[in-house]
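If you want the building blocks of each chain, they are given just below.
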Amino acid sequence: MAGLLRLAFRNVFRNRRRSIITLAAIALGLFSLVVTQGMINGMGKQSELNIINYDTGHMKIYRIGFADEDAGYDLEKSIADPGEVIAELLKLPEVQAATGRIMFPALIICRGESMPAIATGIDILNDGKVFGLAETIIEGRFLKPGENGVLVGEKLANIFQLKPEDWITLQARTRPEPGEISPIQALDFEVKGIISTGNPKIDGLNVFLPLSVTQESMLMPNMVTDITLRLSSLRYLARVEDEINSRLAPGEFEVNTWIDLAESFLALHRMKRIGTAVFLAIFVIITAVGIVNTMLMASFERTNEIGMMAAMGMKAGEIRRLFLVEGGILGAMGSGIGVLLGSILTYLGEVYGINISAIWGDVDVGYPIRGLWYTDLTPGLVIGALIFGIAISVIASYYPAQRAAKLEPTEALRHV
Amino acid sequence: MTIARLEDVSKEYQTGKLTVPALKDVNLEIKQGEFLSIAGPSGSGKTTLLNLLGCLDVPTRGRVFLNGTDTASLKPDTRAEIRRHEIGFIFQSFNLVPVLTALENVEFPLTLLGHVSAQDRKARVEGLLKTVGLQDMMHRRPPELSGGQQQRVAIARALVKRPKMVLADEPTANLDSKTGETILQLMKDINEKQGTSFVFSTHDKMVMDYAQRLIILRDGMIAEDQRRQ
């Protein structure tokens with residue numbers, strides 16, 4: 001085997017220029033694969049964090065029917081005495097924190113203009129244990145308990161040209177009493193801060209106000225519409241979901257993990273990943289044509305030598321193996337170089353980040369990220385790309401190898 | 001002891017719709033230790049006969065025995081095994097692997113055998129390169145050697161696995177007469193000292209003169225079979 005490897009290795013560099021061109025093509029293909037997948041993975045990971053930190057938490061618990069697509073936010077389906085439910089949930093060792101919120105559709109009115117929005121009442125003291133809104137303030141300050149103030153998403157603020165200390169009116173239907181039509185409530189709030197999460201849904205549609213003020217205004221004393229949890233690790237998602245389902249009154253609550261809540265984003269991300277992977281795989285396969293060419297040329301040039309080897313007693317399978325090993329070496333070296341360079345660039349992207357606004361400006365690319373976009377280099381990506389590169393090279397070498405193996409020794413020896 | 005026997009062997013090649021006979025009803029017996037030359041004009045069937053003796057090809061009719069085994073009916077891999085263990089080849093154009101050194105070229109058949117230890121391989125290869133006078137050039141690659149030196153490497157490569165028979169297809173054709181004679185003398189010495197059988201195909205008068213036995217082929221048939229002292 002050592003002799004075969006030595007021979008294969010030297011054969012690879014018999015025609016140095018041709019091999020270098022083939023190596024460069026493989027390296028370029030694998031470089032692109034690693035960098036692009038690293039970028040998409042990073043985008044996915046960063047988006048996942050964004051969605052969890054600013055939108056969904058790890059999981060949300062609603063009363064069944066609250067968030068039905070048809071009903072929108074049905075305030076009749078609220079959770080009364082949320083403190084008891086939260087206390088029960090916090091008994092689970094995997095649950096790190098829990099907070100109640102009230103979400104309701106509202107109309108923002110300001111300077112004669114109006115626009116629909118989603119208003120969310122947040123528990124000022126507990127919300128930060130689950131969400132990270134406080135760290136996204138770009139102007140003004142975070143809310144204080146009980147104050148008549150709101151946080152406004154950056155894009156929404158831009159539309160109304162809002163600044164801290166400006167006033168807006170929120171108009172919404174309060175929680176209806178059973179059998180009655182809910183009255184419309186309109187209240188004025190002072191803008192205390194502008195937030196920028198990078199999540200277009202939050203920045204463009206949301207205002208946040210203190211929970212106690214919301215409960216009072218919406219006629220929902222000691223009520224919330226959802227309880228959001230943060231777990232000690234995402235690993236426990238399924239376990240905690242099952243546990244909560246078994247603990248809470250059956251038929252009354254529904255548990256939605258962040259994966260359920262971000263379904264459309266995840267589907268989009270999956271499609272982008274698959275699309276990019278397929279595109280790159282085609283690119284790498286095209287480079288495989290270069291390998292077929294290189295190996296085929298080698299098998300033609302070495303016809304006489306193949307005849308000699310067969311005369312020495314080398315079997316067809318061994319000749320085939322020699323060519324496959326040569327293809328494998330070519331693939332391993334090309335992939336090695338491509339994956340190494342791709343990994344270095346992806347690692348730099350992971351450490352220093354890529355400035356998205358410098359590339360795309362303010363264009364929404366469907367991912368909830370802003371500022372710096374960090375790539376993600378994983379061992380799986382590196383190993384997977386290497387295996388893929390080598391496998392493609394070996395597969396591409398099969399036809400030339402088979403041609404060499406099938407040569408009749410007497411014919412091959414006669415070849416000039 | 002008989003090492004090769006051909007019984008009523010015919011070989012035909014198909015060229016389009018045309019059947020070209022290369023050998024016709026050849027009967028031949030080769031004994032251990034013979035130094036035999038097959039001569040004849042071009043197209044007389046010399047190379048075909050050598051290919052059949054070397055298990056590189058199978059006859060259209062008749063039987064080819066090597067050490068008592070009929071090789072005509074064997075599968076390609078089994079014939080490869082026989083070549084690997086029992087037959088050494090020397091080619092007109094040397095056919096060395098250009099990317100391997102002289103030492104590695106000679107070692108190549110031993111790596112195919114598999115069971116020879118690295119130490120044994122080294123001893124055998126270096127010993128043979130010394131025998132053929134290339135002890136100082138063993139780390140040179142074929143392009144760095146003259147034609148005569150390359151053919152010496154090829155001889156060492158043919159002998160390294162200690163075959164029963166070495167088949168040499170026009171071994172002096174690409175060499176000047178002086179180098180050709182040196183090479184022939186070398187093979188003759190090995191034949192006498194080690195008892196290895198040598199079978200040549202040749203046009204070269206000098207090779208015929210060296211041979212103990214001369215077979216002349218004409219139109220695919222043995223026209224003469226001369227034994228000399």
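Residues numbered from 1 in each chain as written. Chains lettered and ligands numbered in written order. Predicted model: local features only at pLDDT ≥ 70, side-chain atom pairs only at ≥ 80, totals over all residues. Heavy atoms only, no water.

Draft legend 1. How the structure looks around the overall build of chain A. Across its full length, chain A carries 15 helices and 14 strands. The C-alpha radius of gyration of chain A comes to 31 Å, more than 25% above the 22 Å expected for a compact globule of 416 residues. With the principal axes as the frame, chain A shows a C-alpha extent of 100 × 45 × 35 Å. Buried residues in chain A amount to 52% of all 416 residues. A separation threshold of at least 6 residues defines the contact pool for chain A, and within that pool the share at least 24 residues apart is 79%. Accessible area for chain A stands at about 19,100 Å²; split by element, carbon and sulfur atoms hold 60% of it. Computed over 37 positive and 44 negative side-chain charges, the inter-centroid distance for chain A is 16 Å. (Helix = DSSP H or I, 4+ residues; strand = E, 2+ residues; numbered from the N terminus. Rg over C-alpha atoms; globule rule 2.2 N^0.38 Å. Buried < 20%, exposed > 50% of the residue type's maximum accessible area, 1.4 Å probe, protein only. Contact = heavy atoms within 4.5 Å. Areas by Shrake-Rupley, 256 points an atom, 1.4 Å probe, with all protein chains shown as cover. Lys, Arg positive; Asp, Glu negative; His and termini not counted. Charge placed at Lys NZ, Arg CZ, Asp CG, Glu CD.)

Draft legend 2. Spotlight on unusual backbone geometry. Residue and element names in this part refer to chain A. Unusually for a residue other than glycine, Arg111 sits at a positive phi of about 50 degrees. By secondary structure assignment, the location of Arg111 is in the loop between β3 (95-110) and β4 (113-122). Note on Arg111: relative accessible area 54%, which makes it exposed. Of note in the backbone geometry, Glu165 takes a positive phi value of approximately 85 degrees without being a glycine. As for its position among the elements, Glu165 is in the loop between α5 (154-160) and β7 (167-173). Accessibility expressed as a relative area gives 61% for Glu165, which makes it exposed.

Draft legend 3. Looking closely at the environment of Tyr347 of chain A. All names here are of chain A. Tracing the backbone shows Tyr347 in helix α12 (residues 316-352). Under the relative-accessibility criterion, Tyr347 is labelled partly exposed at 48%. As for Tyr347 and Tyr374, which are separated by 27 residues in sequence, their C-alpha atoms are 9.2 Å apart.

Draft legend 4. Highlighting the packing of aromatic side chains. Residues and elements named next belong to chain B. Enumeration over the complete set of coordinates arrives at seven aromatic pairs over all chains. Between Phe35 and Phe198, the ring centres sit 5.6 Å apart and the planes meet at 55 degrees, which makes this aromatic pair tilted. With Phe35 in strand β3 (residues 35-39) and Phe198 in strand β8 (residues 197-202), this residue pair connects regions lying 163 residues apart in the sequence. Taking the centre distance of 6.1 Å and the plane angle of 15 degrees together, the rings of Phe198 and Phe200 count as stacked. (Phe/Tyr/Trp six-rings, centres within 6.5 Å; stacked < 30°, edge-to-face > 60°.)

Draft legend 5. Quick peek at the interface of chain B and chain A. On the side of chain A, 20 residues touch chain B, which itself brings 24 residues to the contact. Of all residues in chain B, Leu56, Val99 and Phe108 of chain B give up the largest surface area on contact with chain A, accounting jointly for 23% of the area buried on that side. Scanning the region where chain B abuts chain A turns up five salt bridges. With a shortest N-O distance of 3.2 Å, Arg6 of chain A and Glu107 of chain B are connected by a salt bridge. At the boundary of chain B and chain A, one finds eight residue pairs in polar contact (both at pLDDT 80 or more). Tallied by class, residues from the side of chain B that touches chain A come to 11 nonpolar, three polar and 10 charged. (Buried area = accessible area lost by both parts, 1.4 Å probe. Salt bridge = Lys/Arg side-chain N within 4 Å of Asp/Glu carboxyl O. Polar contact = N/O pair within 3.5 Å; in protein donor to acceptor, adjacent residues only side chain to side chain. Nonpolar A, V, L, I, M, F, W, Y, C, P; charged D, E, K, R; others polar.)

Draft legend 6. How the structure looks around the pairing of strand β4 (residues 61-66) of chain B. Residues and elements named next belong to chain B. In terms of strand pairing, strand β1 (residues 2-15) meets β4 through five bridges, oriented antiparallel. Bridging from a neighbouring strand, Arg5 pairs with Phe65 of β4. Sheet analysis places β4 next to strand β5 (residues 69-70), joined by two bridges and oriented antiparallel. Each bridged residue has a counterpart across the sheet, and for Phe65 the counterpart in β5 is Asp70. The antiparallel pairing of β4 with β5 creates a hairpin that spans two residues between the two strands, and Asn67 there sits at a positive phi of about 50 degrees. (Pairing = 2+ DSSP bridges.)

Draft legend 7. Just the nonpolar core, in detail. One finds Leu49, Leu53 and Val199 of chain B to be the most contacted residues of the largest nonpolar core, which totals 68 residues. Tallying contributions element by element places α12 of chain A first for this core, with eight residues. Ile61, Ile79, Val240 and Ile369 of chain A belong to the second-largest nonpolar core, a separate cluster that totals 62 residues. (Core = buried A, V, L, I, M, F, W, Y, C linked by side-chain atoms within 4.5 Å.)

Draft legend 8. A look at helix α5 (residues 147-159) of chain B. All names here are of chain B. Between its terminal C-alpha atoms α5 stretches 18 Å, which fits the 18 Å expected from 13 residues at 1.5 Å a residue. Of all 13 residues making up α5, 12 are buried, and the element is well covered by its neighbours. Among all positions of α5, only Gly148, Gln149, Gln150, Gln151, Arg152, Val153, Ala154, Ile155, Ala156, Arg157, Ala158 and Leu159 are buried. (Expected span 1.5 Å × (residues − 1).)

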